[in-house]
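# Examination of the molecular architecture
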Amino acid sequence: DSGVTQTPKHLITATGQRVTLRCSPRSGDLSVYWYQQSLDQGLQFLIQYYNGEERAKGNILERFSAQQFPDLHSELNLSSLELGDSALYFCASSVGGTIDEQFFGPGTRLTVL
Amino acid sequence: DQQVKQNSPSLSVQEGRISILNCDYTNSMFDYFLWYKKYPAEGPTFLISISSIKDKNEDGRFTVFLNKSAKHLSLHIVPSQPGDSAVYFCAASLEYGNKLVFGAGTILRVKS
């Protein structure tokens, strides 16, 4: 158990819908990272927040947005969902704002029908 | 644009033998490399890392080798154990930055 929690574990929805994925980092970690893993692909970095502020941005679509709240939990919002958005979404956390060890949550599997 | 490539989707090794997982990268600016292990239904777990100023880093049964001229790194597991069976991801970053670029992963099966 990494100490990072993600809810829900599974999510099934339809095209055009909007969903919110939630992540609680390990106690004391200030950074939260979001990754997308599509079928047979590596993890794609989406976005990082550090202590409530956006720190780094990767291949995140404009239909996707994220935020980190004062209690340091984070939410990833996915809107106007398309079939291709079906993937595993991982959240990771780390103590600082740069590459130290990132601890990953178990992921949320999103299926868009 | 796959900047980090793991060309072997899977590898099967006998228990007690050496497992060698390979990773190639294209961006010569990468300066920090990591290996993660992932079991089914779990998130990736950090295994070992190496800075570009080194060519080898060891941690118990795990050793990572970096060949900068070939833009190649490898993970050696000796001896391999059935519990090592998992998906192994290679990852790279720029300037000790925040963005990790991951390979597609290699499934390792260690047979007893």
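Throughout what follows, the structure given in this document is the object of discussion. Residue numbers here run from 1 along each chain, matching the order of that chain's written sequence. Numbering of ligands from 1 and lettering of chains from A proceed in the order in which they are written. For a predicted model such as this one, the threshold for reporting local features is a pLDDT of at least 70, and the threshold for listing and counting side-chain atom pairs is 80 or more; totals across whole chains, interfaces and linings nevertheless cover every residue. Hydrogens are left out, water is left out, and the side-chain values use all remaining heavy atoms of the structure.

## A short note on the overall build of chain B
Working definition: helices are DSSP H or I runs of at least four residues, strands are E runs of at least two. Numbering for both runs from the N terminus. Looking only at helices and strands, one finds zero helices and 11 strands in chain B. Sequence-ordered secondary structure for chain B, helices as α and strands as β, is β-β-β-β-β-β-β-β-β-β-β. Seen through its C-alpha atoms, chain B measures out along the principal axes to roughly 40 × 30 × 20 Å. The buried label applies to any residue whose accessible area, calculated with a 1.4 Å probe on protein chains only, is under 20% of its type's maximum; exposed applies above 50%, and partly exposed to all values in between. Within chain B, the proportion of its 112 residues that are buried is 46%. Long-range pairs, those at least 24 residues apart, make up 54% of the contacts in chain B between residues at least 6 apart in sequence. Two residues qualify as a contact provided that any one of their heavy atoms is within 4.5 Å of a heavy atom in the partner residue.

## Observations concerning the interface of chain A and chain B
In this assembly, 21 residues from chain A lie in contact with 19 residues from chain B. Together, the buried faces of chain A and chain B total about 1,500 Å²; carbon and sulfur atoms form 63% of this surface. By definition here, a salt bridge exists when the distance from a side-chain nitrogen of Lys or Arg to a carboxyl oxygen of Asp or Glu is within 4 Å. Viewed at the interface, chain B and chain A are joined by zero salt bridges. Where the side of chain A that touches chain B is concerned, the elements lending two or more residues are strand E4 (31-37), strand E5 (43-50) and strand E6 (53-57) of chain A. A class-by-class count of the residues in the side of chain A that touches chain B yields nine nonpolar, eight polar and four charged. A simple way to read buried area is as the amount of 1.4 Å-probe accessible surface that goes missing from two parts once joined, with both sides added. As a working rule, the residues Ala, Val, Leu, Ile, Met, Phe, Trp, Tyr, Cys and Pro are called nonpolar, Asp, Glu, Lys and Arg charged, and the rest polar, with Gly in that last group.

## Here's the deal with a nonpolar patch on the surface
The grouping of Ile18, Ile20 and Val78 of chain B at the surface amounts to a nonpolar patch, some 220 Å² of accessible area in total. Topologically, Val78 of chain B is positioned in the loop between strand E8 (72-77) and strand E9 (86-94). Like-charged residues are merged into a patch within 9 Å and nonpolar side chains (Val, Leu, Ile, Met, Phe, Trp, Tyr) within 5 Å, provided each residue has over 30% relative accessible area and no salt bridge. Here the accessible surface of atoms and residues is derived via Shrake-Rupley with a 1.4 Å probe, and residues count as covered only by protein chains that are part of the display.

## Considering the sheet that holds strand E3 (residues 19-24) of chain A
Residues and elements named next belong to chain A. Note on pairing: DSSP must find at least two bridges between two strands before they are called paired. Read from one edge to the other, the open sheet built from four strands follows the order E1-E3-E8-E7, with strand pairing classed as antiparallel. This sheet does not close on itself; its edge strands, each paired only once, are strand E1 (5-7) and strand E7 (64-68). Going from strand to strand, the sheet's axes swing by 15° on average, the running direction of each strand aside. In terms of strand pairing, E1 meets E3 through three bridges, oriented antiparallel. In this description, a line fitted to the C-alpha atoms serves as the axis of each element, helices being fitted only across the stretch in contact, and the angle between N-to-C directions of two axes falls anywhere from 0 to 180 degrees.

## Quick notes on the packing of aromatic side chains
Only Phe, Tyr and Trp rings are paired, with Trp represented by its six-membered ring, and only when their centres lie within 6.5 Å; those with planes under 30 degrees apart are stacked, over 60 edge-to-face, the remainder tilted. Inspection of the entire model under this criterion finds 13 aromatic pairs over all chains. Taking 5.3 Å as the distance between ring centres and 40° as the angle between the ring planes, the aromatic pair formed by Tyr35 of chain A and Phe104 of chain A counts as tilted. Here Tyr35 of chain A, found in strand E4, pairs with Phe104 of chain A, found in strand E10 (residues 103-104); they are 69 residues apart in sequence, far enough to count as distant. Just as Tyr35 of chain A is buried, Phe104 of chain A falls in that class too. With 6.3 Å between their ring centres and 85° between their planes, Phe104 of chain A and Phe102 of chain B make a pair best called edge-to-face. Of the two residues, Phe104 of chain A is situated in strand E10 and Phe102 of chain B in strand E10 (residues 101-102); the pairing between them involves two chains.

## A short note on the nonpolar core
Membership of the largest hydrophobic core comes to 23 residues, with the highest contact counts inside it found for Phe33, Trp35, Leu73, Leu75 and Tyr88 of chain B. When residues of this core are traced back to their parent elements, those giving at least two are strand E3 (19-25), strand E4 (30-38), strand E5 (45-51), strand E7 (62-67), E8, E9 and strand E11 (106-111) of chain B. The dominant element in this core, judged by the number of residues it contributes, is E9 of chain B, at four residues. Not counting residues up to four positions away in its chain, the partners in contact with Phe33 of chain B are Tyr25, Ile48, Ser49, Ile50, Ser52, Leu66, Leu73, Ala91 and Ala92 of chain B. Definition used in this section: a nonpolar core is a set of buried Ala, Val, Leu, Ile, Met, Phe, Trp, Tyr and Cys residues joined via side-chain atoms within 4.5 Å. Among the nonpolar cores identified, the runner-up in size contains 21 residues, and Leu11, Val32, Ile47 and Phe64 of chain A belong to it.

Read these as spatial facts, not as claims about activity.
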